[in-house]
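Given next are the chains, with one letter for each unit.
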Amino acid sequence: MRDIALIIVGSTVSLATFAQELTTELAHSEAFSISTTKLEAKYNSVCSVVVIDSPLHLKRHQAYSELTVTAEMYQSDGTLISSTYLDTQIERNKYVSLGCLPIHTKYRVKINFDYSQKGVLYGRTQSLNITNLSDYLVTQKAP
């Protein structure tokens, strides 16, 4: 029984990934950009349209060219209330991800970028994240 447990733990650990925070400096060096449009009051919506441009691959990891972008919404107490994939397509030689996210509310929005190798089902990913999209956007606008 102990051998089986070690095999399971061993394979689980080998798939573990750790995300690097996407800072403003890293975003500029890797060619990430984010734009937002707050919807007018007549739409009676709590979300804003968020468009994220991402490179086709990371400069230091050319082999990782498949991108998945997810958004997680958290309550102020840290409770996860929603997680969803953002629609991501290739346009003009970059990935473009689109979503309507509650960035101007009390909720915290986390964005995860997971680059994987094309054709590899279970393998290591190169992951970046933005822990708090609202805070990130404020730092992006700062001089």
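Structure shown above.
Notes on the structure in this doc start here. (Residues numbered from 1 in each chain as written. Predicted model: local features only at pLDDT ≥ 70, side-chain atom pairs only at ≥ 80, totals over all residues. Heavy atoms only, no water.)

Side note on the packing of aromatic side chains
Here the distance between the centres and the angle between the planes together describe a pair of aromatic rings. Scanning all chains against the criterion turns up 1 aromatic pair. When the centroid spacing of 5.1 Å and the interplanar angle of 65 degrees are considered together, the rings of phenylalanine 32 and phenylalanine 113 count as edge-to-face. Taken together, the positions of phenylalanine 32 in the loop between helix H2 (24-30) and strand S2 (33-38) and phenylalanine 113 in strand S8 (residues 108-117) put the pair 81 residues apart, joining distant regions of the chain. Grouping residues by exposure puts phenylalanine 32 and phenylalanine 113 together as buried. The side chain of arginine 108 reaches across the aromatic face of tyrosine 74, ending 4.2 Å from its centre. (Phe/Tyr/Trp six-rings, centres within 6.5 Å; stacked < 30°, edge-to-face > 60°. Helix = DSSP H or I, 4+ residues; strand = E, 2+ residues; numbered from the N terminus. Buried < 20%, exposed > 50% of the residue type's maximum accessible area, 1.4 Å probe, protein only. Lys NZ or Arg CZ within 6 Å of the ring centre and 35° of its normal.)

Here's the deal with the nonpolar core
Nonpolar side chains tend to gather and get buried jointly when the protein is soluble and globular. By size, the foremost hydrophobic cluster in this structure holds 26 residues, and its most contacted members are Leu22, Leu101, Ile111, Phe113 and Leu133. Secondary-structure elements contributing two or more residues to this core are H2, strand S3 (48-54), strand S4 (64-74), strand S7 (94-101), S8, strand S9 (126-130) and helix H3 (133-141). A per-element tally of this core places S4 first, with 5 residues. Sequence-distant contacts of leucine 133, defined by excluding residues within four places in its chain, comprise Ile34, Val50, Leu101, Ile103, Val109 and Ile111. (Core = buried A, V, L, I, M, F, W, Y, C linked by side-chain atoms within 4.5 Å. Contact = heavy atoms within 4.5 Å.)

Details of H3
Every buried residue of H3 is accounted for by Leu133, Ser134, Tyr136 and Leu137. Along the long axis of H3, the arc covered by the buried residues comes to 160 degrees, so they all point the same way. In this structure, the buried side of H3 is in contact with H2, S2, S3, S7, S8 and S9. Put simply, asparagine 132 is the residue that caps the front of H3, since its side-chain oxygen is 3.1 Å from the backbone nitrogen of serine 134. (Arc of directions from axis to C-beta. Polar contact = N/O pair within 3.5 Å; in protein donor to acceptor, adjacent residues only side chain to side chain.)

Remarks on the environment of lysine 38
Tracing the chain through its elements places lysine 38 in strand S2. Since its relative accessible area comes to 58%, lysine 38 is described here as exposed.

Re the state of the cysteines
Joining two cysteines, a disulfide is a covalent bond between their sulfur atoms. Evaluation of the coordinates by the stated rule reveals 1 disulfide. There is a disulfide in this structure between cysteine 47 and cysteine 100, and the S-S distance comes to 1.8 Å. Because the sign of the S-S torsion sets the handedness, a value of about 70 degrees for the bond joining cysteine 47 and cysteine 100 places this disulfide among the right-handed ones. In this pair, cysteine 47 sits in the loop between S2 and S3 while cysteine 100 sits in strand S7, placing the two residues 53 residues apart along the sequence. (Disulfide = S-S within 2.5 Å.)

Some words on the pairing of S9
By the criterion of burial, S9 is predominantly enclosed, with 5 of the 5 residues buried. On S9, burial covers both faces: Gln126, Leu128 and Ile130 on one face and Ser127 and Asn129 on the other are all buried. Looking at chain direction, S8 and S9 are connected through 5 bridges and run antiparallel. Bridged to tyrosine 115 within S9 is glutamine 126. (Pairing = 2+ DSSP bridges.)

Observations regarding the sheet that holds S3
With antiparallel pairing, 4 strands are arranged side by side in an open sheet as S2-S3-S7-S6. Two strands close off the open sheet at either side, each with one partner strand: S2 and strand S6 (87-91). Averaged over all pairs of adjacent strands, the angle between their axes in this sheet comes to 20 degrees, without regard to strand direction. Inspection of the sheet shows S6 paired to S7 by 5 bridges, in the antiparallel sense. By the bridge assignment, threonine 88 is partnered in S7 with serine 97. In this fold H3 packs onto S2, S3 and S7, with an angle of close to 105 degrees to the strand it touches most, S2. (Axes fitted to C-alpha atoms, helices over the stretch in contact; angles between N-to-C directions.)

Function cannot be inferred from these measures alone, as they are strictly geometric.
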